[in-house]
Amino acid sequence: MQTPKSLHTLEYDKIIERLANLCDFPTSRRLALDLQPSSDYAEVLRRQRLTAEGRRALELKPSLSLSSAHDVRDSVGQAALGHVLDPPELLDVHATLHLARSIRSVLSRLRVQLPFLAEIAERIVDFTKMEDRIGRTVNDRAEVVDDASPVLAQLRRDIRQAHDRLTHRLEQIVSSRTNRTALQEPIVTLRDGRYVVPVKTEMRSQIPGIVHDVSSSGATVFMEPLEVVEMGNKWRELRLEEGREVQRILRDISEAVGERAPDITAAVDILAEVDLALAKGRLGESLGARELPHDGPNQPWLAKTGGLRLEDARHPLLTGEVVPITIWVGFDDDDAFSALLITGPNTGGKTVALKTVGILSLMAQAGLPVPAGAGSRLPLFESVYADIGDEQSIEQSLSTFSSHMGNIISILAVATPRSLVLLDELGAGTDPTEGSALAQALLQHLLRVGCLIVATTHHGELKAFAHTTPGIANASVEFDPETLAPTYRLTIGLPGQSNALAIAARLGMPDDILAEARKAIAPDRLAVESLIVDLARQRDAAQSARFEQETAAARAQQAEKQVSDRLAALESGRERLLARTREEMQTQLSQTRARLHQATRELERASRLPVPERAAAVQAAEQEIEAVEKTVEKLEKRRRRPRRGPLPPIEVGDLLYLRDLPLPGEALSPPDDQGEVEVRLGALRARISLRQIERVEKPEAEQQPISPARPEPGEGRAVPPAAEIDVRGMAADEALLAVEQRLDEAFRAGSAELRIIHGKGTGTLRRAVREMLSKHPLVRAHASAPPRSGGDGVTVVELAT
């Protein structure tokens, strides 16, 4: 149970007020203002998961808002007791029910991403009939519509007709020449709900009627002419009947609303809970709080018990450039400590660090987002106690010391092993010797209780006490003697330095006075301060070296990841290429078998032809069968290649024949530790696994090394490759690879032209080859061969110079 005093001291109320301002309607605002930290693990975990889903819902649906909801619980409660709701109240009920249906629908569709919010929203029952009934009765101007009932519709038609007859007759009266002299003005007006005309007082006898009003001067009387009295009565009676019918309609619909009062009240409560989750999400965005994981393989950030650790934590009420702190206490390891004693200069951030630990612990247990890093861990405390600030009271004759002691005594009476105790300026406000002794005794007592403690102090004696006492650790806030300003960085393991003499020297204090001051300080005290300075320098050097090491390791890891990703991409591309090649081979094999079947039928048909035609048909069929058999033999060989034996040692320049590729590549490196070789395939380079290599051929001794650059005229060249390449029968992918390699060879050999024989067929292979040629950097132009040289079945390529 958290005490109101500690909540106020840690400014929890300011956080809650900020949360309430982010809510969309009054019910959720009251829910936010009543929000208290919980020590129940299941409840806190549920709250944090709802907060995380509220933030996720705003990411998925940025326009999601409950601003159209109204707190109609009192209205529907009154309706259940027989109260008749007026049209504005019914409009509020209608808007709320409509929003409830919409929220239920939206969150149900997002059940996979928002399971907890969806489960809450699905508790909203169906109000479709009620919503439609109110919508048919009351319009957006809070008026009962004519179609609310047949009786009301007829009454309003009668009212309009009676009103038209009445006003028409009155217009005739005021426009009559006979009555013109008696009228003050030729107008018709209303008095007490009756239509009247302004008549001069002295001429009232000329227009018989009933006086309803007199002007302030007495010169005008407002009279209802007798001839329209009955018409006015009829109009008035119809309006009264209309009012009674409207009340009947409102009473009926109010009774229906009252019957659903429990369901409507529950829906409002659910909307408030959903809106509170969204408000928590908005609070997290405004605080820049990252979403911390609720479950993890090692430890969740929210734990039932154990130590506290906050990484890169920021106080939620600070603005501007906030320096984050990392602080921990209570972990079971070789340097375990359950009490942390922070020392350092005034305005250096000691109290802010203290408050940050307290407020973030309370926020976590309230289910609020926590502005801290991913490595943070917070246990659940039964209570958080804080003695912070100067609360001296003149009225109660309490000094600063007495005020602190009163608070601490009350904390000692209720602290348990599951408490967090925060003590600011421990032992201050009295004699330093006695204050230090009392502070040591208090810390020893709280250590025996077993709670977690974070305290601040200015007493130098407590630094040595913390250093020598098991369970207590020193910490300090840093101070820059050059700028005479605190850095607000918190360091655990080192006590704070004394900066009084350094500051005085920096401000220009004479050296002789500083020397006298140093003589007055005990030698052991000076030695301790010097040791602290040396330790700080060593720590800074170690941190710098560690940072450089971590940076280098991160760069190496990133480079390794890039290489791995590139290799994976190449392997994936190769596998896709092989899969497509196998599929096309199977298709070609099926097509070839179909050609064989067709040739056999042609042969059978030829046996029935006349003798002169039979020989030619038989010859054509036999040629087709022979071509088909060769194609089938070629495809079957490619499908069933024998398993290779052990490969010889691979050296740079070897020709490597790869599985499922028709032409060899050139080895650019020997195999590495992962069993991969860098290979050039035409203009491409790739790393290939040894498993993909079928055989290795050593280059001939007299062969010149392959050079990527084209030789100049007159230089020695390798023997030029054939001036043409035949890719008929190949799949598109392997044909393109073969053409790519032949283009590269022809270019390096100085050839000006290359013929590519692809056949006519369906034109698929021709289009693929020519599309590649149109984008290739080594190709100046390409066109079909002359008709006598193959026509569209051959592409002639002019190479770039």
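Quantities reported herein were computed from a predicted structural model and do not represent experimental measurements.

Reading the values: rules and limits
Residues numbered from 1 in each chain as written. Predicted model: local features only at pLDDT ≥ 70, side-chain atom pairs only at ≥ 80, totals over all residues. Heavy atoms only, no water. Pairing = 2+ DSSP bridges. Helix = DSSP H or I, 4+ residues; strand = E, 2+ residues; numbered from the N terminus. Axes fitted to C-alpha atoms, helices over the stretch in contact; angles between N-to-C directions. Contact = heavy atoms within 4.5 Å. Phe/Tyr/Trp six-rings, centres within 6.5 Å; stacked < 30°, edge-to-face > 60°. Buried < 20%, exposed > 50% of the residue type's maximum accessible area, 1.4 Å probe, protein only. Lys NZ or Arg CZ within 6 Å of the ring centre and 35° of its normal. Parallel < 35°, antiparallel > 145°, perpendicular 65-115°, else oblique. Nonpolar A, V, L, I, M, F, W, Y, C, P; charged D, E, K, R; others polar.

Trainee: Mind showing me how you'd approach the sheet that holds strand β3 (residues 209–214) here?
Mentor: Each strand in a sheet pairs with its neighbour through backbone hydrogen bonds, running either in the same direction (parallel) or in the opposite one (antiparallel). The strand order across the open sheet formed by four strands is β1-β2-β4-β3, and the pairing between neighbours is antiparallel. Of all the strands in the sheet, just β1 (189–191) and β3 have a single pairing partner and so form its edges. Averaged over all pairs of adjacent strands, the angle between their axes in this sheet comes to 50 degrees, without regard to strand direction. Where β1 lies against strand β2 (residues 194–200), three bridges are found, and the strand directions are antiparallel. Among the inter-strand pairings, R191 is bridged to a residue of β2, identified as R194. Contacts from helix α11 (residues 229–259) reach β2, β3 and β4 (220–225) within the one sheet, and its direction differs from that of β2 by about 150 degrees.

Trainee: Looking at this model, I keep getting lost on the sheet that holds strand β23 (residues 794–799). Mind explaining?
Mentor: A sheet is described by the order of its strands in space; here four strands give the open sequence β20-β21-β23-β22, paired in mixed fashion. For this open sheet the edge positions go to β20 (724–726) and β22 (779–784), each flanked by a neighbour on one side alone. The sheet shows a mean angle of 20 degrees between the axes of neighbouring strands, direction not considered. In this structure, β20 lies alongside strand β21 (residues 753–757), joined through three bridges in parallel fashion. The residue bridging I725 from the neighbouring strand is I756, located in β21.

Trainee: Would you take a moment to explain the packing of aromatic side chains for this structure?
Mentor: Between two aromatic rings, the relevant description is the distance of the centres plus the angle of the planes. All chains considered together, the criterion is met by one aromatic pair. Aromatic pair Y195 and W235: ring centres 5.3 Å apart, planes at 40 degrees, arrangement tilted. Of this pair, Y195 sits in strand β2 while W235 is found in helix α11, placing the two residues 40 residues apart along the sequence. Grouping residues by exposure puts Y195 and W235 together as buried. In this structure, R191 is placed above the aromatic ring of F222, and the distance from its NZ or CZ to the ring centre is 4.2 Å. A cation over a ring is seen here: R695 above Y657, with NZ or CZ 3.6 Å from the ring centre.

Trainee: Help me out: how do you make sense of the packing of α11 against helix α12 (residues 261–287) in this one?
Mentor: Between α11 and α12, the shortest axis-to-axis distance is 5 Å and the interhelical angle comes to 65 degrees. Overall, the two elements α11 and α12 adopt an arrangement that is roughly perpendicular. For the pair formed by α11 and α12, the contact residues are V257, G258 and E259 on the first element and A261, P262 and I264 on the second. Counted by class, the contact of α11 with α12 contains four nonpolar, one polar and one charged residues.

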